Amino acid sequence: MCSISPELLKRRLDPTMVHVSIVIRYVVINHNESSINIKESFLGFFVIEKHGAQDYEELITNILVKLDIDINKCRGQGYDGASVMSGVYSGVQKRIKDKVPTASYIHCCAHNLNLVVSDAAKSSQKVVSSKKDEKATSLSLKKKLESMEFVLILCFWEKILRALHGVTKSLQKQNTNLHNACQNLNEAKTIIENLRDSYENILLECKELCSRCGITPNFHVKRSRLAPQYFDEIDGDRRLNITDENFRAKIFLPVFDTVIFQLNARFQALQEVTENFDFLFPTMLAKMDENEICKASMDFFYLYNDDISSDFTRQLLCLRGLLNTNIQTIKDLALFIVKNDFCTTYCDVITACIIYISLPVTVSTAERSFSKLKLIKNYLRNSMGQDRLSNISILNIERNVTNQVDLEKMIST
């Protein structure tokens, strides 16, 4: 099982050169130690000249063929949200899915979360800075920073970012999975929904902070520009003449509503992929009756009929009676099968668990590889060839394997 995660980086030294980092995610079962490990291996940096979806597809396919990796065993794809990668009609993920229908595409959750915050910041002009703001004098900036409006924006943004910070950290872990991502996202969304109804508490906290910093705890009131009022016309310009209510309606609520809406919209595809594996959770197996298990397992069989057999339903029904309350996750279920040497008896169940565990959640490993690229290819090594650059990067990024190499034995042989 493998998941492919290409990322792009334009080098400052050579703007015309674009590197593609490819990482595969797979599961290693050690029967001697009765353990299951999730691995993400860096395959190297590869240069691409053209940037069409077909070019990236050919690059990925050729690299896998060169490394003797069967693309038909790919069960997941992880990319960022660029249209060339994620396009539903002719993007890279669609082209690979045409070859391998079971290679589910998952938009990198870390990129998605970043876009949620970006969209929320753009929802209000008070949050986004412009060129004019950047060129303003220091005195005017100081005046803006020492206003209650700015402090209130800081207060509620700090709470939003704090709720999303834990999700971001958990998504970057190598051993994370789809259900953990969905659970963390739902928890963050619940916190933000509660914060949306806590405007008065945040306003009170803002006023206390202003008092400690010596800032006047009042909004700056500007003279209103009112439209001419005619006979029998509703006085619409004077309805929201309270500054607190204006701030709540024009800045506070739009930001929170945008965050909540984007969390629901951007992670809908992730939720759909996750729902295919819900029945595999031991807690769900215990709650579902026999008919529900039969329906869910047969739907899963039709989706992954190249990997599992029609005996999958019988294996699930037999295994359900052996489970205990200590088995909570799909990985725990796979460990239970491995530790009790049930791999041959419940081969289809362990295969379904491995497919789930191997699905990518983020492309953080591919992103981190570019940090090494900046260190390895600096201005002193500008003339380094592509093969040498890729090989040195593999030795550096995969240093856990490199440290196990016996150099004396390699030299002698």
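## Concerning the packing of helix α7 (residues 148–171) against helix α8 (residues 178–196)
Stage number 1. The geometry of α7 relative to α8 is characterised by a closest axis approach of 9 Å and an angle of 175° between their N-to-C directions. When the axis of α7 is compared with that of α8, the two are roughly antiparallel. For the pair formed by α7 and α8, the contact residues are K159, I160, A163, L164, V167, S170 and L171 on the first element and A181, N184, L185, A188, I191, I192 and L195 on the second.
Stage number 2. Looking at the contact of α7 with α8 residue by residue, the classes come out as eleven nonpolar, two polar and one charged.

## Focus on the layout of surface pockets
Stage number 1. There is about 480 Å³ of room inside the second largest pocket.
Stage number 2. Lining the second largest pocket are 15 residues, and of these E40, Q174, I397, E398 and N400 sit closest to its centre.
Stage number 3. Looking at the lining of the second largest pocket, the elements that each hand over two or more residues are β4 (35–48), α17 (364–376) and α19 (399–402).
Stage number 4. Residues that form the lining of the second largest pocket fall into these classes: four nonpolar, five polar and six charged.

## Notes on the confidence of the model for the protein
Stage number 1. Looking at the protein, the pLDDT average stands at 82 and 85% of residues meet or exceed 70.
Stage number 2. In the model, residues 1–5 has pLDDT below 50 throughout and makes 36 contacts with residues more than four positions away in sequence or in other chains.
Stage number 3. Under a pLDDT of 50 for its full length, residues 7–13 has, in the predicted model, 32 contacts with residues more than four places off or in other chains.

## Some details on a nonpolar patch on the surface
Stage number 1. Residues V405, L407, M410 and I411 make up a contiguous nonpolar surface patch of about 420 Å² in total accessible area.
Stage number 2. You can see I411 is positioned in helix α20 (residues 407–412).

## Thoughts on the pairing of strand β6 (residues 104–107)
Stage number 1. Along β6, one buried face is formed by S104 and I106 and the opposite face, lined by Y105 and H107, is buried too.
Stage number 2. When strand β5 (residues 74–79) meets β6, the two strands line up parallel, connected through four bridges. Among the inter-strand pairings, Y79 is bridged to a residue of β6, identified as H107.

Criteria and thresholds
- Residues numbered from 1 in each chain as written.
- Predicted model: local features only at pLDDT ≥ 70, side-chain atom pairs only at ≥ 80, totals over all residues.
- Heavy atoms only, no water.
- Axes fitted to C-alpha atoms, helices over the stretch in contact; angles between N-to-C directions.
- Helix = DSSP H or I, 4+ residues; strand = E, 2+ residues; numbered from the N terminus.
- Parallel < 35°, antiparallel > 145°, perpendicular 65-115°, else oblique.
- Contact = heavy atoms within 4.5 Å.
- Nonpolar A, V, L, I, M, F, W, Y, C, P; charged D, E, K, R; others polar.
- 1 Å grid on protein atoms, 1.4 Å probe; cavity = no way out; pocket = protein on both sides within 12 Å on 5 of 7 lines; lining within 4 Å.
- Points joined across faces, edges and corners; volume = space filled by probe spheres on them.
- pLDDT = per-residue confidence, 0-100.
- Patch = residues over 30% accessible without salt bridge, like charges linked within 9 Å, V, L, I, M, F, W, Y side chains within 5 Å.
- Areas by Shrake-Rupley, 256 points an atom, 1.4 Å probe, with all protein chains shown as cover.
- Salt bridge = Lys/Arg side-chain N within 4 Å of Asp/Glu carboxyl O.
- Buried < 20%, exposed > 50% of the residue type's maximum accessible area, 1.4 Å probe, protein only.
- Pairing = 2+ DSSP bridges.

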